[in-house]
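Overview (structure and organization)
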Amino acid sequence: QVQLVESGGGLVQAGGSLRLSCAASGRTFTYNVMAWFRQAPGKEREFVTAISWSGVSLYYADSVKGRFTISRDNAKNTVFLQMNSLKPEDTAVYYCAGTSGPHWGRTSAQYDYWGQGTQVTVSS
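Residues numbered from 1 in each chain as written. Predicted model: local features only at pLDDT ≥ 70, side-chain atom pairs only at ≥ 80, totals over all residues. Heavy atoms only, no water.

1. Some details on the side chain of S52
With respect to the helices, strands and loops of the structure, S52 is situated in the loop between β5 (46–51) and β6 (58–60). Residue contacts for S52: discarding those within four places in its chain leaves N32, V33, S57 and R72. (Helix = DSSP H or I, 4+ residues; strand = E, 2+ residues; numbered from the N terminus. Contact = heavy atoms within 4.5 Å.)

2. Notes on the pairing of strand β4 (residues 34–39)
Counted residue by residue, β4 has 5 buried out of 6 residues, so it is predominantly covered. In the sheet, β4 pairs with β5 via 5 bridges, with the strands oriented antiparallel. Bridged to W36 within β5 is T49. Summarising the sheet, β4 and strand β9 (residues 92–98) pair through 6 bridges and their orientation is antiparallel. What sits directly across from F37, in β9, is Y95. (Buried < 20%, exposed > 50% of the residue type's maximum accessible area, 1.4 Å probe, protein only. Pairing = 2+ DSSP bridges.)

3. Focus on the pattern of salt bridges
For the structure shown, the criterion picks out 4 salt bridges. One salt bridge connects R38 with E46, and the closest N-O pair in it is separated by 2.6 Å. When its relative accessible area of 6% is taken as the criterion, R38 is described as buried. Since its relative accessible area comes to 35%, E46 is described here as partly exposed. Residue K65 pairs with D62 through a salt bridge whose shortest N-O separation is 3.3 Å. You can call D62 exposed: its relative accessible area is 64%. What emerges from the salt-bridge pattern is a single network uniting R38, E46, R67 and D90. (Salt bridge = Lys/Arg side-chain N within 4 Å of Asp/Glu carboxyl O.)

4. Digging into the environment of K65
Its location among the elements puts K65 in the loop between β6 and β7 (68–73). For K65 and E46, which are 19 residues apart along the polypeptide, the C-alpha to C-alpha distance reads 14 Å.

5. So, the packing of aromatic side chains
A full pass over the atoms with the stated rule returns 6 aromatic pairs. Here the aromatic rings of Y111 and W114 are separated by 6.4 Å at their centres, their planes lie at 70°, and the arrangement is edge-to-face. We classify W114 as partly exposed; its relative accessible area is 26%. Three or more aromatic residues link up through ring pairs in this structure, and these residues are F37, F47, Y59, W104, Y111 and W114. The residue whose ring lies beneath R19 is F80, and the NZ or CZ to ring-centre distance is 4.1 Å. Sitting over the face of the ring of Y95, R45 holds its NZ or CZ atom 3.8 Å from the ring centroid. (Phe/Tyr/Trp six-rings, centres within 6.5 Å; stacked < 30°, edge-to-face > 60°. Lys NZ or Arg CZ within 6 Å of the ring centre and 35° of its normal.)

Below you can see the structure in the form of structure tokens.
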């Protein structure tokens, strides 16, 4: 089993920044894809960004392009999400997700492992 634990969420004013971390433990897979999703109250979970094992391939939702940056440190089994220029509409629970192989996608069903989520609240 793989365990994913997110950290770094909190309350920030609009225009501010936060950095989320996701630490993986247990049976970790090589060549997997890691991603961040988010879910706002009353809305479906949505794709935010994903990163390939090598870190070369990056995928972003249009709503966060130019403001969010995903990265990973495979030696530490950790994925990061740097969020800049935050907006109130970024308020959500942010979830770390991982696949067991090199495939990736924008839907929740394509990911095999999930963290418990961390709350991000952006005040106006």
